[in-house]
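Each chain, written out:
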Amino acid sequence: MTRHLEAVAHLQMEFDDNTLLPPLFGERDRNLERIEERLGVALVSRGNRLVISGPGPRAEMARTALESLYGGLKRGRDIDSAAVDAALRLAE
């Protein structure tokens, strides 16, 4: 049995408005955990930066979903678990 290993990507995102990070990440980082579980990636935040680690395509999906959610916050939208799920579906 041969397994094809996907290359692990380490993507870094930087956000220009720190006040939007608490609603983006969710209470107790719940939104980040939801993305991690759904896509099998690891998300680590440091200040206004977020590092996404995981298989390349899944890391890109996480980045796309987070960019979408952050953009919604900048336009005044609220984020809840349904919004996170919708962003993940669109990213997939």
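Coordinates for the structure precede this section.
It should be emphasised that the depicted structure is a prediction, and the values quoted were computed from it without experimental measurement. (Residues numbered from 1 in each chain as written. Predicted model: local features only at pLDDT ≥ 70, side-chain atom pairs only at ≥ 80, totals over all residues. Heavy atoms only, no water.)

Caption draft 1: Structural context of the pattern of salt bridges. Across all of its chains, the model carries seven salt bridges by this definition. Across the pair Lys74 and Asp16 runs a salt bridge whose closest N-O atoms are separated by 3.1 Å. Placement of the pair is Lys74 in helix 3 (residues 56–74) and Asp16 in the loop between strand 1 (8–14) and helix 1 (21–25), with a sequence separation of 58 residues. For Asp16, a relative accessible area of 61% puts it in the exposed group. Salt-bridge contacts for Asp85 lead to Arg34; the nearest nitrogen and oxygen are separated by 2.7 Å. Of this pair, Asp85 sits in helix 4 (residues 81–91) while Arg34 sits in helix 2 (residues 30–39), and the two are 51 residues apart along the sequence. Classification of Asp85 by relative accessible area gives buried; the value is 18%. One network of salt bridges, in which partners are shared, links Arg34, Arg38, Asp85 and Glu92. (Salt bridge = Lys/Arg side-chain N within 4 Å of Asp/Glu carboxyl O. Helix = DSSP H or I, 4+ residues; strand = E, 2+ residues; numbered from the N terminus. Buried < 20%, exposed > 50% of the residue type's maximum accessible area, 1.4 Å probe, protein only.)

Caption draft 2: Just the sheet that holds strand 2 (residues 42–46), in detail. Sheet architecture is open: three strands sit in the order 1-3-2, paired in antiparallel fashion. Each edge of the sheet is formed by a strand with only one pairing partner; in this case those strands are strand 1 and strand 2. Direction aside, neighbouring strands of the sheet carry axes that sit 20° apart on average. In the packing of helix 3 onto the sheet, contacts are made with strand 1, strand 2 and strand 3 (49–55), and the angle to strand 3 comes to roughly 145°. (Pairing = 2+ DSSP bridges. Axes fitted to C-alpha atoms, helices over the stretch in contact; angles between N-to-C directions. Contact = heavy atoms within 4.5 Å.)

Caption draft 3: Summary view of the side chain of Asn31. Take Asn31: it is sitting in helix 2. Every residue in contact with Asn31, bar those within four places of it in the chain, is listed here: Pro23, Leu24, Phe25, Gly26, Ile79 and Val84.

Caption draft 4: The nonpolar core, seen in detail. Core analysis: the biggest nonpolar cluster contains 28 residues, and Leu24, Ile35, Leu43, Leu50, Ile52 and Leu66 have the highest contact counts within it. Of all the secondary-structure elements, those providing two or more residues to this core are strand 1, helix 1, helix 2, strand 3, helix 3 and helix 4. Excluding residues within four positions of it along the chain, Leu24 makes contact with Phe15, Asn31, Leu66, Leu69, Tyr70, Leu73 and Ile79. (Core = buried A, V, L, I, M, F, W, Y, C linked by side-chain atoms within 4.5 Å.)

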